[in-house]
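# A closer look at the structure
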Amino acid sequence: MEHIVSRKAASISESPTLAIDSKFKQMKKEGVPVIGFGAGEPDFNTPDNIIGAAKQALDMGLTKYTPASGTLDLKKAVCDKIKRDTGLEYETKNIVVSNGAKHSLTNVFMCLCNPGDEVIIPAPYWVSYPEMVKMADGVPVYINTTEESGFKFTAEQLKDAITPKTRALVLNTPSNPTGMVYMRGELEQIAKIAAENKIYVVFDEIYEKLIYSGSHINIATLGEDIREYTIIVNGMAKAYAMTGWRIGYTASNAALAKAMANIQSHMTSNPNSIAQFASVEALEGDQSSIDVMKSEYLKRRDYMCEKINSIDGLSCLVPQGAFYVFMNVRGLLGKEHYGKVINTSSELCADLLDRALVALVPSEGFGIEGYVRLSYATSMENIKEGLDRIEKYIKGEC
Ligand code: PMP
Ligand code: GLU
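None of the values given here were measured: they were computed from a predicted structure.

## Topic: the site of ligand 2
Around ligand 2 sit S15, T17, L18, A39, G40, K102, W126, N176, Y207, K238, Y324 and R373, and those are all the residues in its vicinity. Here an oxygen atom of ligand 2 and a side-chain polar atom of T17 are 2.6 Å apart. N176 places a side-chain nitrogen or oxygen 3.0 Å from an oxygen atom of ligand 2. Across the complex, the protein chains shield 89% of the 280 Å² of accessible surface that ligand 2 would expose by itself. In the shell around ligand 2, the residues fall into 5 nonpolar, 4 polar and 3 charged.

## Quick look at the sheet that holds strand β5 (residues 166-172)
Strand order in the open sheet formed by 7 strands is β2-β8-β7-β6-β5-β3-β4, and the pairing between neighbours is mixed. The open sheet has two edge strands with one neighbour each: β2 (95-98) and β4 (139-144). Pairwise comparison of adjacent strand axes, ignoring direction, gives a mean angle of 20 degrees for this sheet. Taken together, the 6 bridges between strand β3 (residues 118-123) and β4 define a ladder with parallel strand orientation.

## Points about the pairing of β3
With respect to burial, β3 is a largely interior element, 6 of its 6 residues being buried. Where burial is concerned, the two faces of β3 agree: the one with E118, I120 and P122 and the one with V119, I121 and A123 are both buried. Pairing between β3 and β5: 3 bridges, direction parallel. Across the sheet, the residue bridging to V119 is A168, located in β5.

## Brief notes about the nonpolar core
Membership of the largest hydrophobic core comes to 94 residues, with the highest contact counts inside it found for V202 and L374. Setting aside chain neighbours within four positions, we find L374 in contact with F37, M304, I308, F323, Y324, V325, M327, L360, L387 and I390.

## A closer look at the pattern of salt bridges
Under the defined criterion, the tally for this structure stands at 21 salt bridges. Two residues, K134 and E131, come together in a salt bridge whose shortest N-O distance is 3.3 Å. Remark: E131 and K134 occur in helix α6 (residues 128-135); sequence separation between them is 3 residues, near one turn of the helix. We classify E131 as buried; its relative accessible area is 14%. E391 serves as the salt-bridge partner of K395, at 3.7 Å between the closest nitrogen and oxygen. Linked through salt bridges whose partners overlap, the residues forming this network are D43, E296, K299 and R300.

## Regarding the side chain of Q276
Inspection of the secondary structure assignment puts Q276 in helix α11 (residues 273-284). A polar contact of 2.9 Å, which involves the side chain of Q276, links it to the backbone oxygen of P271. Beyond its immediate stretch of four places on either side in the chain, Q276 contacts T66, G70, T71, L74, V97, I247, N270 and P271.

## Quick word on the packing of aromatic side chains
Summed over the entire model, instances satisfying the criterion amount to 16 aromatic pairs. When the ring of F151 is compared with that of Y371, the centres are 5.5 Å apart and the planes differ by 80 degrees; the resulting orientation is edge-to-face. Linking F151 in the loop between β4 and α7 (155-161) with Y371 in strand β15 (residues 371-375), this pair joins segments that are 220 residues apart in sequence. We classify Y371 as buried; its relative accessible area is 1%. On the basis of an interplanar angle of 50 degrees and a centroid distance of 5.5 Å, the ring pair of F153 and Y182 is categorised as tilted. Of this pair, F153 sits in the loop between β4 and α7 while Y182 sits in the loop between β5 and α8 (184-196); the two residues are 29 residues apart in sequence, bridging distant segments of the chain. Each of the two residues, F153 as well as Y182, counts as buried. Put simply, the rings of F44, Y207, Y212, Y297, F323, Y324 and Y376 touch in pairs and so form one group of aromatic residues.

Basis of the calculations
Residues numbered from 1 in each chain as written. Chains lettered and ligands numbered in written order. Predicted model: local features only at pLDDT ≥ 70, side-chain atom pairs only at ≥ 80, totals over all residues. Heavy atoms only, no water. Near = heavy atom within 4 Å. Polar contact = N/O pair within 3.5 Å; in protein donor to acceptor, adjacent residues only side chain to side chain. Areas by Shrake-Rupley, 256 points an atom, 1.4 Å probe, with all protein chains shown as cover. Nonpolar A, V, L, I, M, F, W, Y, C, P; charged D, E, K, R; others polar. Pairing = 2+ DSSP bridges. Helix = DSSP H or I, 4+ residues; strand = E, 2+ residues; numbered from the N terminus. Axes fitted to C-alpha atoms, helices over the stretch in contact; angles between N-to-C directions. Buried < 20%, exposed > 50% of the residue type's maximum accessible area, 1.4 Å probe, protein only. Core = buried A, V, L, I, M, F, W, Y, C linked by side-chain atoms within 4.5 Å. Contact = heavy atoms within 4.5 Å. Salt bridge = Lys/Arg side-chain N within 4 Å of Asp/Glu carboxyl O. Phe/Tyr/Trp six-rings, centres within 6.5 Å; stacked < 30°, edge-to-face > 60°.

This is the structure we're talking about:
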């Protein structure tokens, strides 16, 4: 019997990052000695103080429904965190706590888009943005960037992409997959254009705590106008190594927050009560674990970039943030490897997985050809071994 799903469902593809991660985890489970540079998931355990808070939540019996858009305590902790980091004042009515930043973003697009509304997404982009926009009946519109421009778009490009149907711009800094960070001057220009054209800025700052040079600027701090149009998206996953806990949040104007809360109240109800309680501890408790993780990431980034740039056929920019290196593999494409011509980064990643047992994410899913994303949220030992295997593969020694 043939089962037909809705047109909308049929138009959505699987998350390629999660697909590679699950393939990698399955191979590992089967005893294959594969090295994973795939998923953007901290390899550190969640800090002890946060785990302690979760245990306390269980002992306190916090096992019931909470308000659908999050507990008052966590919303207050989010407001305090934003005030501490940016000086911006938000009230709890501006905050919605969701099941991970992915869920927050989906809520945002559902509340912004009417059918056919356009959302500008600079490429390379994180794999989920276009699919989320499509799920919300919006239309993704891409601005292509290049390695030469540091994978950052210009104000001119933004102006050219705006049409009467443009509703929002997605801005992710530090960026997944490139690790690039937008500087104050660049953000000022973007803010001016967005505010003049009354376009919302979906400001995904989930990697804000992982910056190795320069500093993170929240675009909402650049003026009253742009603050009104900014939707801050953040979460616990990356800064606190809490990927599995599923807590994300938004800070936005109150009308949008109310609309998102309404949708969430029907779609999922509250995010996990225990994870919410533990997230208060994450935001308000000892922050020193972030520095410990960050200094480890920095060592790995430096090793990885140096090694990649020493291998013939490979190169990369040095990322300023997040935990990804976006490696240029154009020198390897269109050439014969092990008796077969490899034309795309997807084919290259498939062959590297088969022959060298290294899991990588090809760049097609990020909206650009000729690159491969490596996550350095894995041990230095794995990084060394994995890069050695890639080098051997290129030398024809696999
Ligand atoms: N934004 C970006 C840029 C990401 O890389 C991720 C990774 N998962 C998310 C949002 C979503 O994070 P979460 O795990 O909180 O859903
Ligand atoms: N954001 C991470 C990544 O890009 C986790 C996987 C996902 O959510 O897509 O690898």
